[in-house]
Amino acid sequence: AQSVTQPDIHITVSEGASLELRCNYSYGATPYLFWYVQSPGQGLQLLLKYFSGDTLVQGIKGFEAEFKRSQSSFNLRKPSVHWSDAAEYFCAVAPTGGGNKLTFGTGTQLKVEL
Amino acid sequence: DAGVIQSPRHEVTEMGQEVTLRCKPISGHDYLFWYRQTMMRGLELLIYFNNNVPIDDSGMPEDRFSAKMPNASFSTLKIQPSEPRDSAVYFCASSLRQTNQPQHFGDGTRLSIL
């Protein structure tokens, strides 16, 4: 069965600093990979997705993620964090064999200090 | 384009009462998902539909929970009778048919059972 691990439950960064949120997955092949963001009181919004091809994918709000097959990782990055980026971030995987069922990580809560 | 629409946004009711949550997916989407989010268990998939047919309900916690999708533009999640441990935020999401299509989430229903 596939699984997703987000090892950091909470992360605090200063505004303007760089950010990296970690995500590791367990799956028999290369899955489809997603990052979602959840602001308080709202649903999850897709930041970016990886299916194949270039291992560095660009998303909305200045985020990017890099797929590393050898490390089974899909870490999310942003060069300069803004206060409005404070939210919870979820990594998710979907099987490539069919079906749209997502497996989510437990999330990383990001706090931004001004 | 209208996103996934859930109603009500908030529901407070007493233990033992029937609760019905509603979801309108994005027009043209073939898949519909119901999730539950709590602090203790994170984001859990309860059930999902493909073309109005339930595909996997293994996440439904017990017989008190039921879900229907009578047509392509409407789904309900019902809890009867409700219990305090059902208090959570319930999300509905929809996606297109293809495996690599992301899920689009509604803003959720915050349910409190007293």
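Conventions and cut-offs
Residues numbered from 1 in each chain as written. Chains lettered and ligands numbered in written order. Predicted model: local features only at pLDDT ≥ 70, side-chain atom pairs only at ≥ 80, totals over all residues. Heavy atoms only, no water. Buried < 20%, exposed > 50% of the residue type's maximum accessible area, 1.4 Å probe, protein only. Helix = DSSP H or I, 4+ residues; strand = E, 2+ residues; numbered from the N terminus. Pairing = 2+ DSSP bridges. Axes fitted to C-alpha atoms, helices over the stretch in contact; angles between N-to-C directions.

Chemist: Explain the pairing of strand S9 (residues 73-78) of chain A to me, and be specific about the residues and the numbers.
Modeler: Residues and elements named next belong to chain A. Most of S9 is tucked away, with 5 of its 6 residues classed as buried. Looking at chain direction, strand S3 (residues 19-21) and S9 are connected through 3 bridges and run antiparallel. Directly across from Leu 21, in S9, lies its bridge partner Leu 76. Where strand S8 (residues 64-68) and S9 come together, 5 bridges link them in antiparallel fashion. By the bridge assignment, Ala 65 is partnered in S9 with Leu 76.

Chemist: Run through the sheet that holds strand S7 (residues 65-71) of chain B, naming residues and quoting values.
Modeler: Residue and element names in this part refer to chain B. Read across the open sheet, the 4 strands follow the order S1-S3-S8-S7; overall the sheet is antiparallel. With one partner strand each, in any of the chains shown, strand S1 (5-7) and S7 form the two edges of the open sheet. Across this sheet, the average inter-strand angle for adjacent strands is 15°, counted without regard to direction. Two elements, S7 and strand S8 (residues 74-79), share 5 bridges in a ladder whose sense is antiparallel. From the neighbouring strand, Phe 65 faces S8, where its bridge partner is Ile 79.

Chemist: Explain the pairing of strand S5 (residues 42-50) of chain B to me, using residue names and the numbers behind them.
Modeler: Residues and elements named next belong to chain B. Where burial is concerned, most of S5 is hidden: 9 out of the 9 residues are buried. Hairpin connection of strand S4 (residues 31-38) to S5: 3 residues between the antiparallel strands. With 3 bridges joining them, S5 and strand S6 (residues 53-56) adopt antiparallel strand pairing. Within the sheet, the bridge partner assigned to Tyr 48 lies in S6 and is Asp 56. With antiparallel pairing between neighbouring strands as the criterion, S5 and S6 make up a hairpin whose turn holds 2 residues, including Asn 51 at a positive phi of roughly 50°.

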